Amino acid sequence: MGHKNETSRVTRIWNALSYKIGSTVARYPVLTIVLCLTLSAVMSIKLAMTEKVSAIDGYASDDSMSRHEFKTFQEFLDSDGPGITMAILIRSKKENGSLLEEQRLKEVVKVSDFISTNFKMNVSGVEKNFNQFCRGFCQANEPVRQYYNGLQILGKNGTDGISKRIDLSYPTSNFFGRKFSLIPNFFGISMSPDGKHLNSSNLIVLYFRAERYPDWTTKGVKQWELRVRDHFAKEYSSDVIIVDVMSQTVVESEIVRAGLSLQPFLVVGFVIMSVFCTITTMFSAVYLYSQNATFNKVALSIIACVTPFMACGTAMGTLFFCGVTFSPIMCITPFLVLAISVDDSFLMLHAWNRLESWRTAPLDKPMREHMMGEVLVETGPAITISALTNMLAFTIGAITSPPEIRVFCYGNAAAIFMDMFYQATFYTACMTLLADTKNTEGVSEKTKRIQNKMSNVVGRFLKWYVSAISNIFVSTGIVLCWCIFIGFAVLGLTRLHVELRPSKFFLKDSPMLYMDNMRTNEVVPYYTPVHVVNNPGDLTNDTNVERLVELKEKLEHMPNAIGAPSTKFFLDDYVQYRSSFAEEIEMDVEEDNAAPEKSDIEQFLEWPEFSYWRGFLRFDNQSHPQNVTKFMFTTGFHGQDLKDWNKRGLLLKSWRGAVEEFQKDFNATVFTEDAFFLDMIDSIPTVTWQTTLATFIFVSLVCFLFISDILTVLIVSVAILVTSVGVFGYLSLLGVTLDPVIMSIAIMCIGFSVDIPAHVAFHFYAAKAKNHAISHSQPSPHQVSDVSVHSTSSSSSSESSLSTPNSFETNLTFALASVGFPVIQAGVSTDFCALPLGFMELYMAKMFALSLTLCVSLSLIHGLIIIPALLSVQHHIVHGVKRLFRRNK
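Note that the structure is a prediction, hence the values are computed from the model and not measured.

Asks: Could you clarify how one ought to interpret a nonpolar patch on the surface in this entry?
Replies: A contiguous nonpolar patch, built from Trp689, Leu693, Ile697, Phe698 and Leu701 and spanning about 520 Å² of accessible area, is present on the exposed surface. The partly exposed category is assigned to Ile697, whose relative accessible area is 44%.

Asks: Which parts of the structure should I look at to understand the nonpolar core?
Replies: A general tendency of soluble globular proteins is for nonpolar side chains to be buried together. In terms of nonpolar packing, the biggest core is built from 244 residues, with Ile88, Ile115, Phe133, Trp224, Leu262, Phe570 and Phe848 touching the most fellow members. Not counting the four nearest positions on each side in its chain, Phe570 is found in contact with Leu539, Ile601, Phe604, Trp613, Leu617 and Phe631. Among the nonpolar cores identified, the runner-up in size contains 17 residues, and Ala382, Ala393, Val699 and Val716 belong to it.

Asks: When you look at the sheet that holds strand β7 (residues 186-191) in this model, what are you seeing that I'm missing?
Replies: Hydrogen bonds between backbone groups are what pair the strands of a sheet, and the pairing can be parallel or antiparallel. Ordered by their spatial adjacency, four strands build an open sheet running β7-β8-β1-β9, and the pairing between neighbours is antiparallel. Since the sheet does not close on itself, it has two edges, and those belong to β7 and β9 (241-247), each with one partner. Adjacent strand axes in the sheet meet at a mean angle of 20 degrees, parallel and antiparallel pairs treated alike. Here seven bridges tie strand β1 (residues 84-92) to β9, and the two strands are oriented antiparallel to one another. Note on β9: the bridge partner recorded for Arg91 is Ile242.

Asks: In this structure, what is going on with helix α13 (residues 365-400)? I would like to understand it.
Replies: An α-helical turn contains 3.6 residues, so any two residues separated by three or four positions project in the same direction. Under the 1.5 Å per step criterion, the end-to-end length of α13 is 49 Å for 36 residues, consistent within 8% with the ideal 52 Å. Along α13, the largest kink reaches about 45 degrees and is centred on Thr379; proline Pro381 follows within four residues of it. Most of α13 sits out of view: 29 of its 36 residues are buried.

Asks: Is there a simple way to explain the sheet that holds strand β4 (residues 166-167) in this structure?
Replies: Taken in spatial order, the three strands of this open sheet run β4-β5-β6, and their pairing is antiparallel. Single-partner strands in this sheet number two, and they are β4 and β6 (178-181). As paired elements, strand β5 (residues 172-175) and β6 share four bridges and run antiparallel to each other. Bridge assignment links Phe175 to a residue of β6, and that residue is Arg178.

Asks: I would appreciate a short explanation of the state of the cysteines in the present structure.
Replies: Two cysteines joined by a covalent bond between their sulfur atoms form a disulfide. Inspection of the entire model under this criterion finds one disulfide. Paired through a disulfide, Cys134 and Cys138 show a sulfur-sulfur distance of 2.2 Å. Given an S-S torsion of about -115 degrees, the disulfide between Cys134 and Cys138 has left-handed geometry. Given a relative accessible area of 8%, Cys134 falls into the buried group. Free of any disulfide, Cys749 has its nearest neighbouring cysteine sulfur in Cys855, separated by 4.1 Å.

Asks: Would you explain the side chain of His862 in this entry?
Replies: Within the element layout of this structure, His862 appears in helix α29 (residues 843-888). A polar atom in the side chain of His862 sits 3.5 Å from the side chain of Thr723. A distance of 2.8 Å separates a polar atom in the side chain of His862 from the backbone oxygen of Leu858.

Asks: Which parts of the structure should I look at to understand the packing of aromatic side chains?
Replies: The geometry of two aromatic rings is summed up by the distance between their centres and the angle between their planes. In the structure shown here, the tally under the stated rule is 43 aromatic pairs. An angle of 75 degrees between the planes, with centres 6.3 Å apart, marks the rings of Phe119 and Trp224 as edge-to-face. On the criterion of sequence distance, the pair formed by Phe119 in the loop between α4 (102-118) and β2 (120-123) and Trp224 in helix α8 (residues 218-235) is long-range, its members being 105 residues apart. Note on accessibility: Phe119 and Trp224 belong to one class, buried. Summarising the aromatic geometry, the rings of Phe421 and Tyr422 are spaced 5.6 Å apart at their centres and angled 55 degrees between planes, so their arrangement reads as tilted. Its relative accessible area of 36% is what places Phe421 among the partly exposed residues.

Asks: Mind showing me how you'd approach the pattern of salt bridges here?
Replies: It is possible for side chains bearing opposite charge to pair when their charged atoms get close. The full count for this structure, using the stated rule, is 25 salt bridges. Measuring nitrogen to oxygen at the nearest pair gives 3.9 Å for the salt bridge that ties Lys552 to Glu556. On the criterion of helical spacing, the pair formed by Lys552 and Glu556 is a turn pair, its members being four residues apart in helix α18 (residues 542-556). For Arg656, the salt bridge is made with Asp679, and the minimal N-O distance between the two is 3.0 Å. Note that Arg656 is positioned in helix α21 (residues 645-660) and Asp679 in the loop between α23 (675-678) and α24 (680-706), a separation of 23 residues in sequence. Via salt bridges that share partners, Arg229, Asp230, Glu254, Arg257 and Asp509 belong to a single interconnected network.

Asks: Would you take a moment to explain the pairing of β5 for this structure?
Replies: A regular strand places its side chains so that they alternate between the two faces of the sheet. Taking every second residue as pointing to the same face, the buried face of β5 carries Ser173 and Phe175, while none of Thr172 and Asn174 on the other face is buried. Pairing analysis gives two bridges linking β4 to β5, with the strands arranged antiparallel. Bridge pairing in β5 links Asp167 to Asn174. Where β4 folds back onto β5 in an antiparallel hairpin, the turn is made up of four residues. The turn joining β5 and β6, which pair antiparallel and follow one another in sequence, is formed by two residues; a positive phi near 55 degrees is taken by Phe176.

Conventions adopted
- Residues numbered from 1 in each chain as written.
- Predicted model: local features only at pLDDT ≥ 70, side-chain atom pairs only at ≥ 80, totals over all residues.
- Heavy atoms only, no water.
- Patch = residues over 30% accessible without salt bridge, like charges linked within 9 Å, V, L, I, M, F, W, Y side chains within 5 Å.
- Areas by Shrake-Rupley, 256 points an atom, 1.4 Å probe, with all protein chains shown as cover.
- Salt bridge = Lys/Arg side-chain N within 4 Å of Asp/Glu carboxyl O.
- Buried < 20%, exposed > 50% of the residue type's maximum accessible area, 1.4 Å probe, protein only.
- Core = buried A, V, L, I, M, F, W, Y, C linked by side-chain atoms within 4.5 Å.
- Contact = heavy atoms within 4.5 Å.
- Pairing = 2+ DSSP bridges.
- Helix = DSSP H or I, 4+ residues; strand = E, 2+ residues; numbered from the N terminus.
- Axes fitted to C-alpha atoms, helices over the stretch in contact; angles between N-to-C directions.
- Expected span 1.5 Å × (residues − 1).
- Bend = angle between axes of the 7 residues up to and from the residue.
- Disulfide = S-S within 2.5 Å.
- Polar contact = N/O pair within 3.5 Å; in protein donor to acceptor, adjacent residues only side chain to side chain.
- Phe/Tyr/Trp six-rings, centres within 6.5 Å; stacked < 30°, edge-to-face > 60°.

These values are about where atoms sit, not about what they do.
This is the structure in structure tokens:
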């Protein structure tokens, strides 16, 4: 029992369990099918009824700085969740037309007014428009309005008196003593010859931000933003301008649309897989096992493609019942499960055909139950290794990945588990009812001749292939070529770098592509704001005020900073107000002692030109402001290098470093809406390699549970690792960069790279154990039937050498005869399954198609060529060492 070639204890236990499951299901096939279909239908209904949403912040890790900064910003806004945050991008309908032309600028102002007055939200039971429910940031678009008003007045009355009171300079204008910055709103500008005024502007951005009310819901906020988007996308028409709406809600809706666009391709994938499965299954049964071509084989082939969809519906419906939210990337899951499931079905059908070809006893009900048990005994461990390693890969990925990818991993792990469950129950029950016997009546002599010829050809080819790869020179040559392959893969891996582009998540026809391009090229290089939230302490303390000014100036003098013209810092106005009106304030207080005393800050905010600052301040008493407990200021940065997300990531780090000095004094925190993405620049490489390494280690341990031969497990583990490294290395050489999609693919590749090598290695190991058991022990209870007796003897010329125990060529022949054709079927079918995704104009789909095809192809090469070559080299080295020791003795 302790011999190294015996099956592991886990395998023996699993074989006994597999036999019990197979024979029990075969005893009650109809009941099993009804129960499985009912479960799948109920959970699929839940899947269909679940709201399809996305969370753009879901790609940032749980412990990222951006999450803390976002939480601090929301606390400043006194919001229980995000409120309305929306940008309106307006450009001329005429190419390169200036929006400063009177008719166009007038239309821009109309758009601002329309949004402010026509889209309502319920606030405490009352329908209010934006102007009515907005509290703190209502004047964000006043620069556009005042600039338009200034142009109108100057156009009608350009006297010196008016010109002195209206100065439309850039970057800061003055309208009747009220200063405002044009930097946040006007882009794509050209300057007048004097360099002081705008000559043209190709893009104007309007901002709508409103803090969330207690009775608002996230769904309600999103619906408000989508109503605005839909109006300008479907109803609005103008001869002079084009209006685009950008917000997190709009971005997420486009990501969801991109994900759901994969669904029609599932039908295409299903049809391709069904046709391929039918053809290859029919070919295998008729020409390799001399069976008839029947409708039952077609039915089993189609059911093999239906099973993974049942598994996905059940798994995802269950997850949604448990409160897990939908993620668009989960739309890839059915393709992955379809590829894995069909692989398992091929193994089961091939095992049935092989056992059926050896059967001599009548195929009555007990024999059919016994045969289904034997089918699961032969395929169960290999299917389990494949499923467990995939589940383990995605489970570890879920633990280490950000929320959006975590949901993807949970969905995949659950779907793979359900697929394994349905393979052992639903598909086994279907095979019990539909699997054909070896009856050859009615087969023409011509067909029989072709069957015999094909069987002989396959047998001779397999014998030649095993003989060739067992040759030390051939196997060594293969290993050397493999080492060269690894070298280029590692070279590609060293060149892999992070590149984040939100456009990767959108369809080619998405308006977000154009908006993202405009933002990247026209807005970000000229105005990238940072918000700083802080607790200022006592503002009557001059030292405190000086330190706050020092914080502001530190940011204003950083590289890429625009400087004071872009800064909104309420203390600038407040200090000036106090120094200018201090005496008048004291006189007012002395004249009316009976009136409730108003604080300086409250009087300051009552002035129309200073009321704007209310949105930037928070007090101990919002109704009657006394002490400022928090305030926010913003300043801008620019530079063409900021088009690069990596450069923006470095800028974010510099902001954080700048405010860290003031952390103890003011609890200062920076905030930018791009931070969720920017934090991924550093986290993606770390999470990717840590997840890959952890998954690789645990997957190797799972393999060891079923394959207790250490050298065989080591070879399989190396093949898995090299396949994953090869996928990423050669993707990098093809120009692919790291991003959240590729991070998801990394987890997928570890799982997929296990399947074929594990199948080959397990059956090679099982052959060694079986040959040892035949020569050293009594037959097991499952070997007493005619089926099992013949399973250890020859079934064709391809397996005639099985009588020689512990022969390397015998074991390799058994392994390739058992799983060679099924894994080729599985590999090619997976490539066909991924094919439809490659034709989609969606980055996510193309990357999954390319990666899946590359991963499965490399896995197939490793399973059928590299692993046999490595086993051959190992065999020759071990025997060479043994011979050397014998000579020394």
